[in-house]
Amino acid sequence: MTDVTIIGAGVAGLWAARSCLARGLRPRLLDRSGAAGPHSCSWWAGGMLAPECEGATTEPAVIVHGRTAAALWRGVTEVHARGTLVLAPDRDRAELERFAKRTSGHAACDAEAIASLEPDLDALHKRGLFFSNEAHLDPRQALSDLVRSLAASDVEIETADMTPNDVTGPVIDCRGLAAAGDVKGLRGVRGEMIILQSDEITLSRPVRLLHPRHPLYVVPRPGGLFMLGATQIESAARGPIAARSALELLSAAYALDPRFAEAAIIETGADLRPAFPDNVPRVVRKGGVLYLNGLFRHGYLMAPALAEQAAEFLLTGIKGALFRED
């Protein structure tokens, strides 16, 4: 018997299924492509669980609910609790000072402290901030682990191109930007990324390099891979990464460590992030449908909290702090 139909099997839909199962609700999980992959924003994510760093530009709700993400993800996949290192070139020292004022939970780092955290960056940077309570994961491995955990409870992803109008009973809609016609205020924000491979560089945690126009984050992955991200362009245009964006990301990586100039470009990607006007993810209730949407650049950080609140509402009728009536 199905208690709820979930449409969309990206990170939000997979988490919604997991949270429903945890409350004894049997989900049916549908996706037009049958599995999370290059067709979804979830595939291109950095996988940073960094609520304090996001506090520099986001609303308090993202910080508060994002702080629960690492603990929830540990029940699914490997989480690397190694913190986040934030750096800035000398010429952009003011950016680092602004970032420090807008965030909390960090310690100032001099060149010695930076080298202690990341030996390969020794002598390359003089000052930074270390957010010790933050974490990261491999997003593609996390998606695979979510699918595997659901399969262990006999929940499989069905390939079906459906909308809430095509099913009966309670629905959780996790289609992202495909639901723009049903959810007020949803827009697409273009994001682009590059994956490099290098045997010359080792990083143990995400590193952010601040810049007035081209901020960068580098997330290490197994096999000498590094995810460079990400542009944030107010455009709903789809298509491959633009040459300008690639140049900006690669130039910023070179500024972080010149050895990235010799790295191999393994992959590039671009997609549209669904976002509300204030860029805060929400559970939007519209009739008998709960829309988990607007995850913006906070997919892996906020999907667990959204899913937990949606499942709890279905079970108890209690509306969480991220709820909105439409």
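Cut-offs applied
Residues numbered from 1 in each chain as written. Predicted model: local features only at pLDDT ≥ 70, side-chain atom pairs only at ≥ 80, totals over all residues. Heavy atoms only, no water. Axes fitted to C-alpha atoms, helices over the stretch in contact; angles between N-to-C directions. Helix = DSSP H or I, 4+ residues; strand = E, 2+ residues; numbered from the N terminus. Left-handed = near helix turned anticlockwise from the far one by under 90°. Contact = heavy atoms within 4.5 Å. 1 Å grid on protein atoms, 1.4 Å probe; cavity = no way out; pocket = protein on both sides within 12 Å on 5 of 7 lines; lining within 4 Å. Points joined across faces, edges and corners; volume = space filled by probe spheres on them. Nonpolar A, V, L, I, M, F, W, Y, C, P; charged D, E, K, R; others polar. Expected span 1.5 Å × (residues − 1). Buried < 20%, exposed > 50% of the residue type's maximum accessible area, 1.4 Å probe, protein only. Pairing = 2+ DSSP bridges. Parallel < 35°, antiparallel > 145°, perpendicular 65-115°, else oblique.

(A) Focus on the packing of helix 1 (residues 11-22) against helix 7 (residues 139-151). At their nearest, the axes of helix 1 and helix 7 sit 10 Å apart, and the two run at 35° to each other. As for how helix 1 packs across helix 7, the hand of that crossing is left-handed. When helix 1 is examined against helix 7, the residues Val11, Leu14, Trp15, Ala17, Arg18 and Leu21 are found in contact with a partner set consisting of Leu143, Leu146, Val147, Ser149 and Leu150.

(B) The layout of surface pockets, seen in detail. Each pocket or cavity is described by its volume, and for the second largest pocket that value is around 670 Å³. Those elements giving two or more residues to the lining of the second largest pocket turn out to be helix 2 (51-54), helix 5 (93-102), strand 11 (207-209), strand 12 (216-221) and helix 8 (243-256). The biggest single contributor to the lining of the second largest pocket is helix 5, with four residues. Split into classes, the residues belonging to the lining of the second largest pocket amount to 14 nonpolar, nine polar and eight charged.

(C) The arrangement of helix 1 in detail. An ideal rise of 1.5 Å per residue puts 16 Å on twelve residues; helix 1 measures up with 17 Å between its terminal C-alpha atoms. Helix 1 sits mainly inside the fold: nine of its twelve residues count as buried. The first or second residue beyond helix 1 is Gly24, which carries a positive phi of 80°.

(D) How the structure looks around the environment of Val62. Mapped onto the elements, Val62 comes out in helix 3 (residues 60-66). On the basis of relative accessibility, which here comes to 0%, the residue Val62 falls in the buried class. In this structure, the C-alpha to C-alpha distance between Val62 and Ala50, residues twelve residues apart in sequence, is 10.0 Å. Each residue touching Val62, except ones within four places of it in the same chain, is listed here: Pro51, Val280, Pro281, His298, Leu301 and Met302.

(E) Inspection of the sheet that holds strand 6 (residues 127-131) at higher detail. The eight strands lie next to each other as 5-6-4-11-12-13-10-14, forming an open sheet whose pairing is mixed. Looking at strand neighbours, the two that pair on one side only are strand 5 (107-110) and strand 14 (264-275), the edges of this open sheet. Going from strand to strand, the sheet's axes swing by 25° on average, the running direction of each strand aside. The strands touched by helix 5 are strand 4 (84-87) and strand 6; relative to strand 6, the strand with the most contacts, the crossing angle is about 25°.

(F) Quick look at the packing of helix 1 against helix 9 (residues 299-316). Packing of helix 1 against helix 9 leaves a shortest axis separation of 8 Å and a crossing angle of 40°. Relative to helix 9, the element helix 1 is oriented oblique. Between helix 1 and helix 9 lies a crossing of right-handed hand. Here Val11, Ala12, Trp15, Ala16, Ser19 and Cys20 of helix 1 lie close against helix 9, whose contacting residues are Gly299, Tyr300, Ala303, Pro304, Ala307, Glu308, Ala311 and Leu314.

(G) Main features of the sheet that holds strand 2 (residues 27-31). Taken in spatial order, the seven strands line up as 8-2-1-9-16-15-17 in an open sheet, and their pairing is mixed. The outermost strands of the open sheet, each flanked by one partner alone, are strand 8 (157-159) and strand 17 (323-325). Put simply, the sheet's adjacent strands are angled 25° from each other on average, direction ignored. Sheet topology places strand 2 next to strand 8; three bridges connect them, and they run parallel. In the strand pairing of strand 8, Asp31 is matched with Thr159. Packing against the sheet, helix 1 makes contact with strand 1 (4-7), strand 2, strand 8, strand 9 (171-173) and strand 16 (289-293), and its axis sits at approximately 170° to strand 2. On top of the sheet, helix 9 reaches strand 1, strand 9, strand 15 (282-286), strand 16 and strand 17; it is set at about 170° to strand 16, its chief contact.

By themselves these figures say nothing about function.
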